[in-house]
Protein chains: 2
Amino acid sequence: MKQQSPRQQNRPLKLHLTLAQGIGEDILKGTYPPGTLLPNEAEWGRRYGASRTAVREAIKTLVGKGLIGTRPKIGSRVEPRDRWNLLDRDVLAWHCAAMDKKTLLLSVQEARHILEPGIAALAARRRTPAQLNRIASALEGMRGAKSPGLEVEPDIQFHLSLIAAANNELLQPFGGMIEAALANIFEYTSVNHPRPSQAIALHENILKAVARGKPEAARRATEVLLDNTDRILAKGPVPGGRKT
Amino acid sequence: MKQQSPRQQNRPLKLHLTLAQGIGEDILKGTYPPGTLLPNEAEWGRRYGASRTAVREAIKTLVGKGLIGTRPKIGSRVEPRDRWNLLDRDVLAWHCAAMDKKTLLLSVQEARHILEPGIAALAARRRTPAQLNRIASALEGMRGAKSPGLEVEPDIQFHLSLIAAANNELLQPFGGMIEAALANIFEYTSVNHPRPSQAIALHENILKAVARGKPEAARRATEVLLDNTDRILAKGPVPGGRKT
DNA sequence: CAACGATTATTTGTATGATAATTGAACCAT
DNA sequence: ATGGTTCAATTATCATACAAATAATCGTTG
């Protein structure tokens with residue numbers, strides 16, 4: 001048999017990562033608003049039963065994400081929100097954990113409406129055959145999915161490969177946002193996707209336009225898909241809700 | 001009297017930051033392509049004359065930015081590019097240092113064309129009076145600038161406050177990109193801005209549309225401004241070039 | 001000889017303790 | 001009050017030791 005209970009995801013997570021996550025969530029949660037001072041290193045060590053070494057490494061991670069800054073004799077201060085790396089996978093995850101899901105998903109959709117149509121148009125002009133292939137096989141994955149849960153992963157792959165096909169590295173960081181969004185939309189709307197076949201058709205329209213090198217068609221097809229996602233979201237969470 | 005001579009660049013930069021910068025630049029420069037292994041911690045320590053502690057803190061910073069991942073017995077491996085936090089201020093700076101400026105600026109402009117019109121439209125719908133004020137005073141700053149160099153800072157402020165006025169936190173991380181872009185465009189095109197008065201007029205159009213709550217007008221005005229910037233960029237660098 | 005299991009070696013992870021550097025705050029002399 | 005000095009709190013750096021993870025090696029066995 002494998003691991004026992006399902007609450008232990010794979011590996012026990014290194015101590016400094018646990019600390020970074022704990023402190024990061026506190027910050028995103030608003031426990032320490034921007035401008036305020038965090039407890040000092042020794043104090044974090046006491047709270048988590050960790051050595052200063054581990055605490056400092058966690059803090060350096062958070063500094064790397066733009067959440068805090070440190071100065072001798074002062075301590076660690078929370079940076080203003082506009083310096084936060086909100087698109088970072090971890091930060092976004094902590095944000096999800098701390099924030100109302102619906103509000104967050106609406107923000108994500110708004111950003112997607114601004115970005116993805118333009119990205120699809122770019123992809124239609126610049127995608128390589130290999131990139132087109134990757135998009136197509138993601139779509140195949142969606143078709144092949146038996147349960148709605150298994151549809152999410154290929155869906156994510158579809159959008160990630162679309163972004164990759166835009167061939168502009170500065171747009172890649174948005175992949176993390178899309179990834180978090182799609183995973184959470186499923187969490188939120190659960191099994192009540194109206195008609196999976198419809199979603200697949202909408203994705204296929206994008207693929208076709210990108211394949212034929214029609215930027216404007218790709219843009220419009222993406223807008224249609226996003227509008228559809230908006231409608232699914234607007235229906236609100238599934239009545240039963242989800243446990244975890 | 002304020003600080004004295006400019007010979008001391010602010011502060012001697014902490015050791016772990018020097019390390020993070022050095023290693024980060026190496027990665028962005030392509031010395032260690034994605035998927036390859038970095039030298040181990042002891043080796044970095046030897047190269048920089050630093051303790052393992054300092055090296056490890058630098059590495060944790062880079063992990064935080066998504067550039068590398070670490071595993072015991074394996075070492076530090078460069079992550080695939082689509083996990084890099086390219087919008088992070090530091091990463092972007094290292095990227096600038098490593099890459100051809102023109103190519104980078106073209107990528108930035110492309111991203112701006114996708115993002116900023118939509119952002120301006122959002123801002124027209126949602127800006128608060130205070131946010132509108134901040135945009136207006138940035139424009140005033142541009143007007144008041146005596147030398148072209150002094151015009152850059154208010155220009156940056158104009159765009160940052162426009163992004164802020166969109167009131168979508170997920171769009172904020174792009175501020176760093178715009179910031180780096182505008183600073184470098186000045187570096188690149190130097191003093192040969194054709195007519196500052198024209199640039200100011202184009203910015204003013206955006207402000208007016210946002211003030212009047214006209215999303216589509218704001219979108220179009222932003223597109224016009226970006227097209228203008230494109231033209232300035234297309235002229236290429238100033239013949240004399242810049243020293244630094 | 002092939003496959004599998006234990007051993008080993010390498011690298012990162014964590015802990016401890018000490019010292020240096022930075023800088024706000026308190027203090028003191030004028 | 002003013003200006004400089006000292007003090008103290010906190011991060012920054014170092015050295016060392018040991019723990020944990022895991023790829024590679026080696027040896028056993030079927």
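Scope of this entry: the structure provided in the associated data block. (Residues numbered from 1 in each chain as written. Chains lettered and ligands numbered in written order. Predicted model: local features only at pLDDT ≥ 70, side-chain atom pairs only at ≥ 80, totals over all residues. Heavy atoms only, no water.)

**Let's talk about the relation of the copies chain A and chain B**
Turning to step 1, where the next piece is worked out: Its rotation angle being 180°, the transformation that places chain A on chain B also includes 0.2 Å of axial translation and leaves an RMSD of 0.2 Å. The two molecules are tied by a two-fold rotation axis, judged by turn and shift.
Turning to step 2, where the next piece is worked out: Both copies contact each other with a shared surface, as 95% of the interface residues of chain A are interface residues in chain B too. (Least-squares fit on C-alpha atoms with pLDDT ≥ 70 in both. Contact = heavy atoms within 4.5 Å.)

**Points about the interface of chain A and chain B**
Turning to step 1, where the next piece is worked out: Every contact between the two is made by 40 residues of chain A and, on the other side, 38 residues of chain B.
Turning to step 2, where the next piece is worked out: Buried surface at the junction of chain A and chain B, summed over both partners, amounts to about 3400 Å²; 58% is from carbon and sulfur atoms.
Turning to step 3, where the next piece is worked out: Of all residues in chain A, Ile114, Glu169 and Leu170 of chain A give up the largest surface area on contact with chain B, accounting jointly for 21% of the area buried on that side.
Turning to step 4, where the next piece is worked out: For the interface between chain A and chain B, the tally reads 6 salt bridges. (Buried area = accessible area lost by both parts, 1.4 Å probe. Salt bridge = Lys/Arg side-chain N within 4 Å of Asp/Glu carboxyl O.)

**Regarding the protein's contact with DNA strand C**
Turning to step 1, where the next piece is worked out: Around DNA strand C, the structure places 25 residues, and the nearest of them are Leu15, His16 and Ser51 of chain A together with Arg52 and Lys73 of chain B.
Turning to step 2, where the next piece is worked out: Sugar and phosphate atoms represent 69% of those atoms of DNA strand C found within 4 Å of the protein.
Turning to step 3, where the next piece is worked out: Between DNA strand C and Arg71 of chain A there is a distance of 3.1 Å, counted from a phosphate oxygen to a side-chain nitrogen or oxygen.
Turning to step 4, where the next piece is worked out: At 3.2 Å, a side-chain N or O of Lys60 of chain B approaches a phosphate oxygen of DNA strand C. (Near = heavy atom within 4 Å. Polar contact = N/O pair within 3.5 Å; in protein donor to acceptor, adjacent residues only side chain to side chain.)

**Remarks on the packing of aromatic side chains**
Turning to step 1, where the next piece is worked out: Across all of its chains, the model carries 5 aromatic pairs over all chains by this definition.
Turning to step 2, where the next piece is worked out: Ring plane angle 70° and centroid distance 6.0 Å describe the contact between Tyr32 of chain B and Trp44 of chain B, whose orientation is recorded as edge-to-face. Taken as a pair, Tyr32 of chain B in the loop between helix H1 (15-29) and helix H2 (41-48) and Trp44 of chain B in helix H2 lie far apart in primary sequence, 12 residues in all.
Turning to step 3, where the next piece is worked out: Accessibility expressed as a relative area gives 13% for Tyr32 of chain B, which makes it buried.
Turning to step 4, where the next piece is worked out: Judged by centre distance (6.2 Å) and plane angle (45°), the ring pair of Trp44 of chain B and Tyr48 of chain B falls under tilted. Residue Trp44 of chain B and its partner Tyr48 of chain B are both found in helix H2; the two are separated by 4 residues, about one turn of the helix.
Turning to step 5, where the next piece is worked out: Judged by its relative accessible area of 31%, Tyr48 of chain B falls in the partly exposed class.
Turning to step 6, where the next piece is worked out: An aromatic cluster is defined as three or more aromatic residues linked by ring pairs; in this entry it consists of Tyr32, Trp44 and Tyr48 of chain A.
Turning to step 7, where the next piece is worked out: Directly above the ring of Trp44 of chain B sits Arg47 of chain B, whose terminal nitrogen or CZ lies 4.9 Å from the centroid. (Phe/Tyr/Trp six-rings, centres within 6.5 Å; stacked < 30°, edge-to-face > 60°. Helix = DSSP H or I, 4+ residues; strand = E, 2+ residues; numbered from the N terminus. Buried < 20%, exposed > 50% of the residue type's maximum accessible area, 1.4 Å probe, protein only. Lys NZ or Arg CZ within 6 Å of the ring centre and 35° of its normal.)

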